[in-house]
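Residue strings, one per chain:
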Amino acid sequence: MVENGIGVSVLRKEDKRFLIGKGNYTDDINVAGQTHAYFLRSPHGHATIESIDISAAAASAGVVAVFTGDDLAADGIGTLICGVTVTSDDGEPHRAPAHPALAQGKVNYVGDHVAIVIAETLAQAKDGAEKIAVDYGVLPAVTETARAADDDQVQIHEVAPNNMCFNWPFGDKEGVEAAFASAHKVSRLELINNRMVTNPMEPRASLGEYNTGTEEITLHVTTQNPHVHRLVLSAFNQLAPEHKLRVVGPDVGGGFGAKIFVYAEELVVGWACRKVERPVKWTGDRTEAFLADAHGRDHVATAEMAMDEDGKFLAMRVMTQANLGAYLSTFSTMVPSYLYAFLLAGQYTTPLIYSEVKAVFTNTAPVDACRGAGRPEATYLLERLVDVAARDMDLDPAEIRRRNFIPKDAFPYQTPVVQCYDSGDYVAALDKAMVLADYEGFPARATEAIARGKRRGIGLSSYVEACGIAPSAAVGQLGAGVGLWESAQVRFNPTGNVQVFTGTHSHGQGHETTFAQLVTEQLGVPFENIEVVHGDTAKTQFGMGTYGSRSLAVGGVAIAKACEKLITKGKKIAAHALEAAEGDIEFADGNFTVAGTDKAMNIGEVAFNAYVPHSYPEGLEPGFDENAFFDPLNFSFPAGTHICEVEVDTDTGVVEIVKYSAVDDFGKLVNPMIVEGQVHGGIVHGVGQALLEGCRYDSEGQLITATYMDYAMPRADNVPSFDVDYAPTDPPDNPLGVKGCGEAGAIAAPPAVINAITNALGIKHIDMPATPENVWRAAQGAA
Amino acid sequence: MYDFLYHKVNSVDDAVAAMGNADDGKFVAGGQTMLPTMKHRLASPSDVIDLGGVSDLVGIANEGDALVIGAMTTHAAVAASAEVQSAIPALAKLAGNIGDPAVRNRGTLGGSIANNDPAADYPAAVIALGATVKTNKREITGDDFFTGMFETALEEDELITAVSFPIPMTAAYIKFENPASRYAIVGVFIAKTVDGNRVAITGATPCAYRGMKFEKVLNEDFSSNACDAVEVSVDRMNSDIHASAEYRAHLVKVMVKRAVDACG
Ligand SMILES: Cc1cc2nc3c(=O)[nH]c(=O)nc-3n(C[C@H](O)[C@H](O)[C@H](O)COP(=O)(O)OP(=O)(O)OC[C@H]3O[C@@H](n4cnc5c(N)ncnc54)[C@H](O)[C@@H]3O)c2cc1C
């Protein structure tokens, strides 16, 4: 048995450097001759640029250069791309307006990029920016998701009539209509999925360096996927050919999706460092993060469920309007379409589903993936609708779920919405969660709360999500511009220690620990002799990065496959050294042994022989260093039930979460401590959405929640201590038996919280965020 | 931030003199309000006069019938003071709940009341306790000090030196926090004194005010039920994305009742 292998809660390797202040974030990196960049941004939601005069700015003290959109265009730098195609109901691809990195004649949201000022100091760059004279022709703005496609709204992009990006119908419309026509009962719900600012702790930053000798650009950037950045910046933006572009995502202080995308700032910084032949550094401040990071969610939807007399779901119909913001961010089109509608079956056997998604442009920041990306929107809608259905059918919310669950012997289960679920036991998770939450004891607690003047409620959320993104062929068919395999290299050094190169990127997830556990388990090399390397295209062979809870389920398997190759090769080397037949060599716990004998050789010695091949198998390549790619056969489908219990103070509308229980199926857990941390963080993210976070623009497109004084983030005292447990199943498609856990909490929590509030107040629905005032008003109505 | 002249002074006189010589000077205390404004380039004083070295402005003294707290005393110091905790525990609690530890370790009593943010906590205490604001020039009663949103009776070159808080029989502060900023959406300070009850309300309106109608009913019957008789007018209430005027008016009464109950 190895120490610190799979299943052990090893303390995180990376924490030492973070805790003693030795993390190395993009803004920590300073290079000789560095200049500082500041972006002049649009103060208007929607305006034409009649003229820009940069002369005073260019002459301002310390200013090195000022560039506008014309300069980028003159150098043939491409506009920012969206990598996934969605086909609209007219058979045409989604409308894709040009997304210039620096505005060309028009700005479309507050925070849109107008010019870059590069100076010796940041203060001088800001002084310079104040001297740029921009003559704006202010236009009316479109900011409401629900109204953006209306005829009376102003047009943002010529190529997108009625501000429509796409109208994407999906599913069996006639079948659903017929089922609705003959149903015993139809439950209906209109809801809003509130817009969120993703808010990683570290703001985005980039540092571009150009080497005039090698003609190579090195771009340090806050990214979740350095190779994707390199690919997009090379192939679509002509920044530099891939072999002349090095992208480094050093330590990154949280991403939650917002650092997947290729943003204007990093493209412009990467380009400008060559123009000025000096390193250019840009670090966003918190206001810029609010204004110009991609936001998340922002749907308005109507959902209907048709049922028979027993509350069995017969068909579901969902009409969704999704806000994509002013331009298409890198993966934006995929979020309210494939990542959303394909999850609408949830944990249920609903045989017929029809969905229509209208995606609209507005004068707001681009909207893209944010922790869960589409799946929280689907889960919130479905799990709220199921509670409304339970109410309409006079069934307990647990009972209606039970009646409709996909039974555990039905896996793999083909849903009517493309996805084929790998494994699951939804009843087991529900049962365990109900015990953990003491569901039975709830009525007594509710009565006791009334005596204290409080209203207590309990809410369930049984979710399923698709992660391990993703099988390349599947996403290719859907219109993705990339493959979503993952790559790994496992390299022994001659002295026996190991470097593991992964194409995933850790920005808080603890890969350096989890992946080392995988390798110590498989190769028997002591945990402390394993170093996980990621985040630098010059060090790591290749990779697609970290999002969609894919790092372990896809990247981990690539590592395991590289380890297998090492074992295969090691057997040859050991057989030669031990003078045995290759077929007689067995490998376990780091030792190659000749079966049935005590002749053995440690893998470290094998590695040494491979690099010092004085006596070595004929024809075998020296070296002990293997590469592997892994392309999954299917997504993985984590699932579970979360139960939230709240107390509502109806005098003030304050909601207190008094108990929160989560039972998840993540397959096998490599490091239970890290998994639990992900679950906790995810739940807090979801509680934030449910109770606190609401990103709001006014009718002119001003972001009125642009600081933490107005945008409420969840804090430790907003949540109780969580009760977390697991009901694992074994996913047959994943060689490691793992599913992914990074987004589950953010997906499961919002409906659990809202279902608890509606239960407490005896109301049908309340929109998120359920702020004290909204809850107070709902309680007035309910009383 | 724009460039400015920085002055480090050791006495009230030097501070006032430096201010007199400045074009557009500003005192800086804890900097918790002023520095963010300067960093965002929303304020550009020509001179910044740092009161951090003026030791006369720091300290807490019990003068028998009043606590005198120096203007530069931090929120953390007030919260941790045994003197305050025993004489006016509600004041220690109020200070201990301002912002977060970093804010409390820098932010000061003088800075808070000079700034007079409509959602700040201290103004409610100053008014309800019938405190006196001492400056380099004069003494100003709490009732006269706060004149409007972010406005006070202070003159340009006037420096708060201390605040004298009469010690009440009992007092309580109840704050309904803004979920984002944790400032007061509505904060109610009630002090029971030998001369009657004083009620002050912050957060609800552009400037903290005395709840005279509540005082009247409470002087007759000091009970939360008695407060039901008071109508809180919606007209003067602030309204923003966190709380409408109607909700704030409702909260005022709820918080007054809770403060009454907390007075015991
Ligand atoms: C994150 C955060 C949360 C906060 N939460 C709360 C909260 O919950 N409740 C609350 O009440 N406050 C809150 N505050 C404000 C905090 O209490 C500040 O400390 C206070 O408003 C200003 O005090 P200061 O000492 O930092 O003053 P400064 O910022 O230094 O100065 C503020 C103003 O007062 C003037 N001034 C300072 N001292 C004097 C003096 N002695 N005489 C005359 N003028 C003077 C300055 O010239 C300036 O105009 C918060 C602040 C932050 C940053």
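Keep in mind that this is a model prediction, so the values were computed, not measured. (Residues numbered from 1 in each chain as written. Chains lettered and ligands numbered in written order. Predicted model: local features only at pLDDT ≥ 70, side-chain atom pairs only at ≥ 80, totals over all residues. Heavy atoms only, no water.)

Colleague: Please explain the sheet that holds strand β14 (residues 209-210) of chain B as it appears in this structure.
Modeller: Backbone-to-backbone hydrogen bonds pair the strands of a sheet. The strands run either parallel or antiparallel. All names here are of chain B. Pairing in this open sheet of 4 strands is antiparallel, and the strands run β11-β12-β13-β14 from one edge to the other. Each having just a single partner strand, β11 (170-177) and β14 make up the two edges of the open sheet. Sheet analysis places β11 next to strand β12 (residues 184-193), joined by 8 bridges and oriented antiparallel. Opposite T170, over in β12, you have K192 as the bridge partner. Set on the sheet, helix α10 (residues 212-220) makes contact with β12, β13 (196-202) and β14; between it and β13 the angle comes to about 150°. Contacts from helix α11 (residues 245-263) reach β11, β12, β13 and β14 within the one sheet, and its direction differs from that of β12 by about 35°. (Pairing = 2+ DSSP bridges. Helix = DSSP H or I, 4+ residues; strand = E, 2+ residues; numbered from the N terminus. Contact = heavy atoms within 4.5 Å. Axes fitted to C-alpha atoms, helices over the stretch in contact; angles between N-to-C directions.)

Colleague: I'm lost on the domain arrangement of chain A in this one. Help?
Modeller: A common way to report how large an interface is uses the accessible area buried once the components associate. All names here are of chain A. Annotation of chain A at the domain level lists domain 1 (32-139 + 215-250 + 259-273), domain 2 (295-470 + 634-782) and domain 3 (485-630). Look at where the C-alpha atoms of domain 1 and domain 2 centre, and you get two points 36 Å apart. Each partner contributes residues to the interface: domain 1 has 25 residues there, and domain 2 has 22 residues. The junction of domain 1 with domain 2 conceals about 1,900 Å² of combined surface from both sides, 64% of it contributed by carbon and sulfur atoms. The largest share of the area that domain 1 buries against domain 2 comes from V84, Y109 and F261, three residues that together contribute 28% of it. At the junction of domain 1 and domain 2, the tally comes to 0 salt bridges. One can count 10 residue pairs in polar contact (both at pLDDT 80 or more) joining domain 1 with domain 2. Within the side of domain 1 that touches domain 2, the residues separate by chemical class into 14 nonpolar, 8 polar and 3 charged. (Domains from an automatic or database assignment. Buried area = accessible area lost by both parts, 1.4 Å probe. Salt bridge = Lys/Arg side-chain N within 4 Å of Asp/Glu carboxyl O. Polar contact = N/O pair within 3.5 Å; in protein donor to acceptor, adjacent residues only side chain to side chain. Nonpolar A, V, L, I, M, F, W, Y, C, P; charged D, E, K, R; others polar.)

Colleague: Mind showing me how you'd approach the domain arrangement of chain B here?
Modeller: Residue and element names in this part refer to chain B. What the domain assignment lists for chain B is domain 1 (5-50) and domain 2 (58-263). Here domain 1 and domain 2 have C-alpha centroids that lie 26 Å from each other. Taken together, the contact pairs 9 residues of domain 1 with 14 residues of domain 2. Counting each side, the surface lost to burial between domain 1 and domain 2 is near 870 Å², with a carbon and sulfur contribution of 70%. Three residues stand out in domain 1 for area buried against domain 2, namely F27, A29 and Q32, and they jointly supply 45% of the buried area on that side. Our enumeration of links across domain 1 and domain 2 arrives at 0 salt bridges. For the interface between domain 1 and domain 2, the tally reads 0 residue pairs in polar contact (both at pLDDT 80 or more). Sort the elements by how many residues they give to the side of domain 1 that touches domain 2 and helix α1 (residues 12-21) lands first, with 4 residues. Counted by class, the side of domain 1 that touches domain 2 contains 6 nonpolar, 3 polar and no charged residues.

Colleague: It is not clear to me how the site of the ligand should be interpreted in this structure. Could you clarify?
Modeller: All names here are of chain B. Surrounding the ligand, one finds 30 residues, the nearest of these being F27, A29, G31, Q32 and T108. Taking G30, its main chain carries an N or O atom lying 2.8 Å from an oxygen atom of the ligand. At a separation of 2.7 Å, an oxygen atom of the ligand approaches a polar backbone atom of Q32. Expressed as a share of its isolated accessible area of 980 Å², the protein-covered part of the ligand is 91%. Among the elements of the structure, β2 (25-28) and α7 (109-115) are those that each provide at least two residues to the shell around the ligand. Here the element with the most residues in the shell around the ligand is α7; it accounts for 4 residues. The residue inventory of the shell around the ligand, partitioned by class, reads 14 nonpolar, 11 polar and 5 charged. Here the shell around the ligand spans two domains, since at least three of its residues come from each of domain 1 (5-50) and domain 2 (58-263). (Near = heavy atom within 4 Å. Areas by Shrake-Rupley, 256 points an atom, 1.4 Å probe, with all protein chains shown as cover.)

Colleague: Please explain the interface of chain A and chain B as it appears in this structure.
Modeller: Each partner contributes residues to the interface: chain A has 25 residues there, and chain B has 21 residues. Buried surface at the junction of chain A and chain B, both sides included, amounts to about 1,900 Å², of which 49% is carbon and sulfur. On the chain A side of the interface with chain B, the three residues burying the most area are M709, E773 and W776 of chain A, jointly 26% of the side's total. E130 of chain A is the partner of R41 of chain B in a salt bridge, and the nearest nitrogen-oxygen pair spans 3.0 Å. Scanning the region where chain A abuts chain B turns up 15 residue pairs in polar contact (both at pLDDT 80 or more).

Colleague: I keep staring at helix α11 (residues 397-404) of chain A and nothing clicks. Help me out?
Modeller: Turn by turn, an α-helix covers 3.6 residues, leaving residues three or four places apart pointing in a common direction. All names here are of chain A. For α11, every residue scored as buried is listed here: A398, I400, R401 and N404. Looking straight down α11, one finds its buried side chains confined to an arc of 165°; they lie on one side. The residue sitting at the N-terminus of α11 and contributing the capping side-chain oxygen is D396; that oxygen lies 2.8 Å from the backbone nitrogen of A398. (Buried < 20%, exposed > 50% of the residue type's maximum accessible area, 1.4 Å probe, protein only. Arc of directions from axis to C-beta.)

Colleague: Before we go on, may I ask you to explain the packing of aromatic side chains in this structure?
Modeller: The geometry of an aromatic ring pair comes down to the distance between the two centres and the angle between the two planes. A full pass over the atoms with the stated rule returns 29 aromatic pairs over all chains. If you follow R317 of chain A out to its NZ or CZ, it ends over the ring of F180 of chain A, 4.2 Å from the centre. Sitting above the plane of the Y2 of chain B ring, R41 of chain B keeps its charged end 4.5 Å from the centroid. (Phe/Tyr/Trp six-rings, centres within 6.5 Å; stacked < 30°, edge-to-face > 60°. Lys NZ or Arg CZ within 6 Å of the ring centre and 35° of its normal.)

Colleague: I tried to follow the packing of helix α10 (residues 375-393) of chain A against helix α19 (residues 744-761) of chain A on my own but got confused; where do I start?
Modeller: Residue and element names in this part refer to chain A. With their axes 8 Å apart at the nearest point, α10 and α19 run at an angle of 30° to one another. Classified by the interaxial angle, the pair formed by α10 and α19 is roughly parallel. Relative to α19, the crossing made by α10 is right-handed. Listed contacts from α19 to R375, P376, T379, Y380, E383, R384 and D387 of α10 are A746, I747, P750, P751, I754, N755 and T758. When grouped by side-chain class, the residues that make up the contact of α10 with α19 number 7 nonpolar, 3 polar and 4 charged. (Parallel < 35°, antiparallel > 145°, perpendicular 65-115°, else oblique. Left-handed = near helix turned anticlockwise from the far one by under 90°.)

Colleague: Teacher, can you tell me more about the pattern of salt bridges here?
Modeller: Side chains bearing opposite charge may pair, as long as their charged atoms lie close to each other. Residues and elements named next belong to chain A. The tally for this structure, following the rule as stated, stands at 61 salt bridges over all chains. D27 is paired through a salt bridge with K281; the nearest N and O atoms lie 3.6 Å apart. On the criterion of sequence distance, the pair formed by D27 in the loop between α1 (15-19) and β1 (35-41) and K281 in strand β13 (residues 280-283) is long-range, its members being 254 residues apart. According to the relative accessible area criterion, K281 is buried, its value standing at 4%. Overlapping salt bridges, with partners in common, bring together D438, R445, E448, R452, R456, E645 and E647 in one network.

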